[in-house]
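Residue-level structure breakdown
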Amino acid sequence: MSFTPSYVIFRENALEYPLGNQLYKLFTKEKGIKVHKVSSKGPFPFDNDISFRKKFARAKRTIVVSVRSLNKFQSCKPSAHYQLPLVTGCPAHCHYCYLSTNLGKNPYIKVYVNLEDILARAEKYIVDRKPKTTIFEGAATSDPLPVEKWTGSLASTIKYFADKKLGKFRFVTKFTEVEPLLGIDHQKKTEFRFSINSKYAVEKFEPTTPTPLERIKAASKVYQADYPLGFLIAPIFIYKNWENEYSELIKNLRDNLNSDGKGISFELITHRFTERAKKIIEEIYPETKLPMNEEVRQFKYGQFGYGKYIYPKEKMKEIEDFMKGIISKAFPEAEIKYFV
């Protein structure tokens, strides 16, 4: 399932970098893509007299080629120490995605051409934290794999971290175009993770993404390439027959990986939503069946100071026991990093 944008916008200062010029040549040759040059700062050449929903959909089909400012890297708990900003945004239309609220009405897919500067900034963090190892997350505000065929940023970053004694890289994806990354000498310094979910969750809430089995088959290729492998099962939903479908997911994973789980990790995240997110989601995806009934949820303040609706305590315990149970049985040597 390959992503091709409808629009590509180039900031002028992006063309001062080799990757910016390379991308300009690539995209201007692609049929059906409208390419625009704009100033380094300022608005884009779009008609904005359209609905929020149409703006949002257009932005999901738009790549912005730009230069990333090198301000302080954001923290990334519990996944890593810092975010590594290679890409911002994602072409998928997952109904529950927090980027729907974080990126506003125009969640453009921004790719950054000053990769050498970004990695040099990461190096400073590594040096400052010596002798501790510093871990960087490459997908905190994006899914970088759909644009990798143009940018090559993941490949360059994996190669960069391969010889870093005190630096590690990790990222997560829902997509399956992994072949360009399989032959890289990664030295096990990059953890390659897949976001997976039950058949029901993917079909109902993750349109325009590969099926669970397609992701698992891609993960098998990554595992054979000897990458440290992780799985993000998120968000976990309770619905009719949820236990059977999540059991089937783990069975398919075990059958395709043919592993006891050594070198494999799991991160488990239950579904939650905020009041603001609910309003935006219902405007963007009015047909959604996403379970967002506050009356059957528990309200909780999060680490960033805003409240969210989570499953009640007894349901959380039920989910945790069940998911950890089926994972531990199928992959006794795997690490379950956390459950939230």
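Our subject is the structure listed above.
Now for a look at the structure at hand. None of the values given here were measured: they were computed from a predicted structure. (Residues numbered from 1 in each chain as written. Predicted model: local features only at pLDDT ≥ 70, side-chain atom pairs only at ≥ 80, totals over all residues. Heavy atoms only, no water.)

**Describing the sheet that holds strand E3 (residues 62-66)**
We count it as follows: Being paired, for any two strands, means DSSP has found at least two bridges between them. Helix and strand labels come from DSSP, where a helix needs a run of H or I of at least four residues and a strand needs a run of E of at least two; each type is numbered from the N terminus.
The mixed open sheet is built from five strands, whose spatial order is E2-E1-E3-E7-E6. Of all strands in the sheet, those with a lone pairing partner are strand E2 (34-38) and strand E6 (87-88), marking the two edges. By the bridge criterion, four bridges tie E3 to strand E7 (residues 109-112) in an arrangement that is parallel. Residue pairing in the sheet places Val64 in a bridge with Lys110 of E7.

**So, the environment of Arg61**
Applicable threshold: Partly exposed residues are those whose accessible area sits between 20% and 50% of the maximum for their type, while under 20% is buried and over 50% is exposed, using a 1.4 Å probe and protein chains only. In this analysis, two residues are considered to be in contact whenever any of their non-hydrogen atoms come within 4.5 Å of each other.
You can see Arg61 is positioned in the loop between helix H2 (52-59) and E3. Owing to a relative accessible area of 34%, Arg61 belongs among the partly exposed residues under this scheme. Along the backbone, Arg61 and Lys217 are 156 residues apart, and their C-alpha atoms lie at a distance of 27 Å. Apart from the residues lying within four places of it in its own chain, the contact partners of Arg61 are Phe3, Pro5, Ser6 and Tyr7.

**Digging into the side chain of Glu148**
The condition is simple: Only four residue types enter the charge count: Lys and Arg as positive, Asp and Glu as negative, with His and the chain ends excluded. Criterion for a salt bridge: a side-chain nitrogen of Lys or Arg within 4 Å of a carboxyl oxygen of Asp or Glu. N or O atoms closer than or at 3.5 Å make up a polar contact, with two conditions inside protein: a donor-capable atom paired with an acceptor-capable one, and, for residues adjacent in sequence, both atoms drawn from side chains.
Position of Glu148 relative to the elements: it lies in helix H5 (residues 148-151). The buried charged residue Glu148 lacks any salt bridge partner; its closest oppositely charged side chain belongs to Lys159, at an N-O distance of 8.2 Å. At 2.7 Å, the side chain of Glu148 and the backbone nitrogen of Leu154 are in polar contact. Excluding residues within four positions of it along the chain, Glu148 makes contact with Ser153, Leu154, Ala155 and Leu181.

In short, geometric facts, not functional conclusions.
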